[in-house]
2 protein chains.
Amino acid sequence: MRLTEKKIAAILRQEGYKLTPQRRAVLATICLSRDHLTPADIYEKVRHESPGIGLVTVYRTLELLARLGLICELHSSGACRSYSLRRPAGHHHHLICTGCGVVADFTKCDLSELAERLARETGFEIEDHLLEFAGRCQTCRTSSERSAKQGDP
Amino acid sequence: MRLTEKKIAAILRQEGYKLTPQRRAVLATICLSRDHLTPADIYEKVRHESPGIGLVTVYRTLELLARLGLICELHSSGACRSYSLRRPAGHHHHLICTGCGVVADFTKCDLSELAERLARETGFEIEDHLLEFAGRCQTCRTSSERSAKQGDP
DNA sequence: CTGACTGCAAATAGTTTGCATGACG
DNA sequence: CGTCATGCAAACTATTTGCAGTCAG
């Protein structure tokens, strides 16, 4: 089951953090979006709802949520920092379209064998992993085929 | 076989780029280091050899080398952009120590099965992937065990 | 009430751009 | 020699910090 706005709010309270309208707004924005959002994206979206909010507050809220493990950071070549709601499975991975930038998530992956082998070979104690695939999504593939036929500029 | 400074120099010439002392210096630094270096790291190292070099030149050289596919970029939470020599296998992956930041590379991984499944399920045409493991290297594990016994501050 | 939170402004870090000078081929 | 490359300074973007006022609990 996915983390909901209410659940996150409850966790915040439990941890002794105040639930301000600004935090609610940031939270709502992240919960409503399935994409990964940069701080600036979130700020833009949140402004509509809470016009007075400052970008600084968005940064601080993101930092807080990330620290509590409620949202996850994504690092890719394009946007260096973006966030999305954490999936309940604990971790998940990304499939990023090089055309339009859309991010699809997937959770099922079995890297345990590889992780074990690496641990043996390198002496690392492996704690986590980040796996990202890059490619072209259905939509971009279709549209580039179309424009190829038309002679794309 | 690993890419050498000479080989890269030859490739640059082939591609019609000039081989200036500054580019040589940046190249030498990257080739001599097995770690991933940030632009600032490289700048610092290169300065010793070529005191007059500008940070801008380092950026431009890195961009050039990355464009030619001779070095690869790494994106991780800590340092957002760092570079290392490309491994001959085409692509490789990283094992990053959360303690000291050391990066070990590995090349052997078989994600083709997973990639195929994802392609089927999502309609993406998968072109590339990025796999990073995070953990604690042998050295950090040893030293944290030691400091744990001493009562780490 | 009161400490945590916010917003502003300014500081900082990282990266890019414009332009005159210099050097590789 | 001509053109590409360099270095400086300035512009720009992204993020962090200091501080006084505000508000959730």
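Numbering of residues begins from 1 in every chain and follows the order in which that chain's sequence is written. Just so you know, chain letters begin at A and ligand numbers begin at 1, following the order they were written in. Under the rules for a predicted model, residues below a pLDDT of 70 receive no local features and side-chain atom pairs below 80 are neither given nor counted, while totals for whole chains, interfaces and linings still include all residues. Side-chain calculation: all heavy atoms of the structure are included, whereas hydrogens and water are not.

### Considering the overall build of chain A
- A tally of regular secondary structure across chain A gives six helices and five strands.
- Strands are runs of DSSP state E lasting at least two residues, helices are runs of H or I lasting at least four, and both sets are numbered from the N terminus onward. Element order for chain A, N to C, with α for helix and β for strand: α-α-α-α-β-β-β-β-α-β-α.
- Residue burial is assigned from relative accessible area. The probe radius is 1.4 Å, only protein chains are included, and a residue is buried under 20% of its type maximum, exposed over 50%, and partly exposed in between. The buried share of chain A, reckoned over its 153 residues, is 39%.
- Long-range pairs, those at least 24 residues apart, make up 50% of the contacts in chain A between residues at least 6 apart in sequence. By definition, residues are in contact when any of their heavy atoms lie within 4.5 Å.

### Here we look at the protein's contact with DNA strand D
- If even one non-hydrogen atom of a residue comes within 4 Å of a molecule or strand, that residue is called near it. Neighbouring residues of DNA strand D: 20 residues in total, closest Tyr59(A), Thr20(B), Gln22(B), Thr57(B) and Arg60(B).
- Backbone atoms, meaning sugar and phosphate, make up 69% of the atoms of DNA strand D lying within 4 Å of the protein.
- Whenever two N or O atoms come within 3.5 Å, that pair is a polar contact, provided that in protein one can donate a hydrogen and the other can accept it, and provided that, for residues adjacent in sequence, both atoms are side-chain atoms. In the model, a base nitrogen of DNA strand D is placed 3.4 Å from a nitrogen or oxygen of the Lys18(A) side chain.
- Where the surface near DNA strand D is concerned, the elements lending two or more residues are α4 (55-67) of chain A together with α2 (21-32) and α4 (55-67) of chain B.
- Each residue gets one label: Ala, Val, Leu, Ile, Met, Phe, Trp, Tyr, Cys and Pro are nonpolar, Asp, Glu, Lys and Arg are charged, and the others, such as Gly, are polar. Tallied by class, residues from the surface near DNA strand D come to eight nonpolar, five polar and seven charged.

### Observations regarding the environment of Tyr43(B)
All names here are of chain B.
- Its location among the elements puts tyrosine 43 in helix α3 (residues 39-49).
- The class of tyrosine 43 is buried, set by a relative accessible area of 17%.
- C-alpha of tyrosine 43 to C-alpha of valine 56: the two residues are 13 residues apart in sequence and 9.2 Å apart in space.
- Setting aside its immediate chain neighbours within four residues, tyrosine 43 contacts Ile53, Gly54, Leu55 and Val58.

### Comments concerning the packing of α3(B) against α4(B)
Residues and elements named next belong to chain B.
- Between α3 and α4, the shortest axis-to-axis distance is 9 Å and the interhelical angle comes to 120 degrees. The orientation of α3 with respect to α4, classified from their angle, is oblique. Note that α3 runs across α4; the crossing there is right-handed. Facing α3, whose interface residues are Pro39, Ile42 and Tyr43, α4 presents Leu55, Val58, Tyr59 and Leu62.
- Looking at the contact of α3 with α4 residue by residue, the class counts come to seven nonpolar, no polar and no charged. Each axis is a line fitted through C-alpha atoms, and for a helix only the stretch in contact is used; angles between axes span 0 to 180 degrees, taken between their N-to-C directions. Each angle gets one of four labels, with under 35 degrees taken as roughly parallel, over 145 as roughly antiparallel, 65 to 115 as roughly perpendicular, and the rest as oblique. What makes a crossing left-handed is the near helix being turned counterclockwise from the far one by less than a right angle; a clockwise turn instead makes it right-handed.

### Description of the pattern of salt bridges
All names here are of chain B.
- Salt bridge, as applied in this entry: a Lys or Arg side-chain nitrogen positioned within 4 Å of an Asp or Glu carboxyl oxygen. If you walk through the whole model with that rule in mind, you get six salt bridges over all chains.
- The partner of glutamate 63 in a salt bridge is arginine 67, and the shortest N-O contact between them spans 3.4 Å. Taken together, the positions of glutamate 63 and arginine 67, both in helix α4 and four residues apart, correspond to about one turn of that helix.
- Between glutamate 121 and arginine 117 there is a salt bridge, with the nearest N and O atoms lying 3.3 Å from each other. In this pair, glutamate 121 and arginine 117 are both assigned in helix α5 (residues 112-122), four residues apart and thus about one turn of the helix distant.
- Overall, the relative accessible area of 23% leaves arginine 117 in the partly exposed class.

### Section: the protein's contact with DNA strand C
- If you check the shell around DNA strand C, you find 21 residues, and the closest are Thr20(A), Arg23(A), Thr57(A), Arg60(A) and Tyr59(B).
- Counting only the atoms of DNA strand C within 4 Å of the protein, the fraction contributed by sugar and phosphate is 70%.
- Within the backbone of Gly52(A), an N or O atom sits 3.3 Å from a phosphate oxygen of DNA strand C.
- For DNA strand C, a base oxygen lies 3.0 Å from a polar atom in the side chain of Lys18(B).
- Sorting the residues of the surface near DNA strand C by element identifies α2 (21-32) and α4 of chain A together with α4 of chain B as the ones contributing at least two each.
- For the surface near DNA strand C, the leading source of residues is α4(B), giving four residues.
- By residue class, the composition of the surface near DNA strand C is nine nonpolar, five polar and seven charged.

### A short note on α2(B)
- For α2(B), with twelve residues, the first-to-last C-alpha span of 16 Å sits near the 16 Å given by 1.5 Å per residue.
- What α2(B) keeps buried is the set Ala25(B), Val26(B), Leu27(B), Ala28(B), Thr29(B), Ile30(B) and Cys31(B). In this analysis, the expected span of each helix is defined as 1.5 Å times one less than the number of residues it contains.

### Remarks on the environment of Arg81(B)
- Among the secondary structure elements, Arg81(B) is positioned in the loop between β1 (71-74) and β2 (82-85).
- As for Arg81(B) and Pro39(B), which are separated by 42 residues in sequence, their C-alpha atoms are 7.7 Å apart.

### Remarks on the confidence of the model for chain A
- Averaged over every residue, the pLDDT of chain A is 79; residues scoring 70 or more account for 78%.
- Looking across chain A, the model is least confident in helix α6 (residues 138-150) of chain A, with a mean pLDDT of 66, and most confident in α4(A), with 94. pLDDT: the predictor's confidence for each residue, scored from 0 to 100.

### Quick look at the packing of α2(A) against α4(A)
Residues and elements named next belong to chain A.
- α4 packs onto α2 with a crossing angle of 70 degrees between their chain directions and a minimal axis gap of 10 Å. Classified by the angle between their axes, α2 and α4 sit roughly perpendicular to one another. Crossing hand, α2 versus α4: right-handed. Residues Gln22, Arg23, Val26, Leu27 and Ile30 of α2 form the contact with α4, whose participating residues are Thr57, Val58, Thr61, Leu62, Leu64 and Leu65.
- A per-class count over the contact of α2 with α4 returns seven nonpolar, three polar and one charged.

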